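# Summary of the model geometry
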Amino acid sequence: MKVQAEVTPQQGSTRLGAPRGPRPTSSQQLKGSDAAAPPLTPEEDRRWATLAHFGGVAGCLPSLVIYLVFRDRGPFTAQEAKEALNFTLPLTVLLVVLYGLAFLPEIGWILGLVAVFFWAFMTICGLLGGAECNKGRPYRYRLNLRLIQ
């Protein structure tokens, strides 16, 4: 025996149970956040500053991203990411050029080794800078052009 119940929608609702009413306009549907991003806590500030220096392993891209995203949210992060970016930017450009020239016959292997040396130098300096920042102390690279003020 089958029993079928007839369901009648209530007045003012649709089939799925959502209330009917005037549809919101597109400007009412698409709202951004009302507040700016909150400032970083001291622990987060130190963490992002440390990661900006540790990112030297991958060139200038990590410190650039951290600087652009967090420069207004944490003063220590802004200071240290800018320092790391100023150090890694010229070295990253030099590495790209050296890796490109490494394909030259006869002397390419020498340029490839020079590129590996510069990458190792940038990595070790970044790790030293990150270790200092993790302790909460600012780090200054000895050989830094400081292109970005």
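For the structure given in this document, a descriptive report is provided here.

Cut-off values and rules
Residues numbered from 1 in each chain as written. Predicted model: local features only at pLDDT ≥ 70, side-chain atom pairs only at ≥ 80, totals over all residues. Heavy atoms only, no water. Helix = DSSP H or I, 4+ residues; strand = E, 2+ residues; numbered from the N terminus. Contact = heavy atoms within 4.5 Å. Axes fitted to C-alpha atoms, helices over the stretch in contact; angles between N-to-C directions. Parallel < 35°, antiparallel > 145°, perpendicular 65-115°, else oblique. Nonpolar A, V, L, I, M, F, W, Y, C, P; charged D, E, K, R; others polar. Expected span 1.5 Å × (residues − 1). Buried < 20%, exposed > 50% of the residue type's maximum accessible area, 1.4 Å probe, protein only. Salt bridge = Lys/Arg side-chain N within 4 Å of Asp/Glu carboxyl O. Core = buried A, V, L, I, M, F, W, Y, C linked by side-chain atoms within 4.5 Å.

## Digging into the environment of Ile66
For Ile66, the position within the fold is in helix H3 (residues 61-70). Sequence-wise, Ile66 and Leu85 are 19 residues apart; in three dimensions their C-alpha atoms are separated by 9.5 Å. Not counting chain neighbours up to four residues away, the residues in contact with Ile66 comprise Trp48, Leu51, Ala52, Arg71, Thr77 and Ala81.

## Observations concerning the packing of helix H2 (residues 42-54) against helix H4 (residues 75-101)
Two numbers describe how H2 lies on H4: the axes approach to 8 Å, and their chain directions differ by 5 degrees. Overall, the two elements H2 and H4 adopt an arrangement that is roughly parallel. Where H2 abuts H4, its residues Glu44, Asp45, Arg46, Trp48, Ala49, Ala52 and His53 lie against Pro75, Phe76, Thr77, Glu80, Ala81 and Ala84. For the contact of H2 with H4, a count of residues per class yields 7 nonpolar, 2 polar and 4 charged.

## A word on helix H5 (residues 108-134)
For an α-helix, the turn length of 3.6 residues means that residues three or four places apart are oriented alike. With 27 residues, H5 ought to run about 39 Å at 1.5 Å a step, and its terminal C-alpha atoms sit 39 Å apart, in line with that. The set of residues buried in H5 consists of Gly108, Leu111, Gly112, Ala115, Met122, Thr123, Cys125, Gly126, Gly129, Gly130 and Cys133. Those residues of H5 that are buried are in contact with H2 and H4. Two residues or fewer past H5, Gly136 is found with a positive phi of approximately 90 degrees.

## Brief notes about the pattern of salt bridges
Following the criterion strictly, the structure yields 6 salt bridges and no others. Across the pair Glu43 and Arg47 runs a salt bridge whose closest N-O atoms are separated by 2.9 Å. Highlighted residues: Glu43 and Arg47, both in helix H2, separated by 4 residues, approximately one helical turn. Look at Glu43 and you get partly exposed, because its relative accessible area is 48%. The partner of Glu83 in a salt bridge is Arg146, and the shortest N-O contact between them spans 3.0 Å. Of this pair, Glu83 sits in helix H4 while Arg146 sits in the segment after H5, placing them 63 residues apart in sequence. Here Glu83 falls in the buried class, since its relative accessible area comes to 5%.

## Describing the nonpolar core
Among the nonpolar cores identified, the biggest contains 14 residues, and Phe87, Met122 and Tyr141 are the most heavily contacted of them. Looking at this core, the elements that each hand over two or more residues are H4 and H5. If one sorts the elements of this core by residue count, H4 sits on top with 6 residues. Apart from the residues lying within four places of it in its own chain, the contact partners of Phe87 are Phe121, Met122, Cys125, Tyr141, Leu143 and Asn144. Counting 8 residues, the second-largest nonpolar core is a separate cluster that includes Leu40, Phe70, Ala81 and Leu85.

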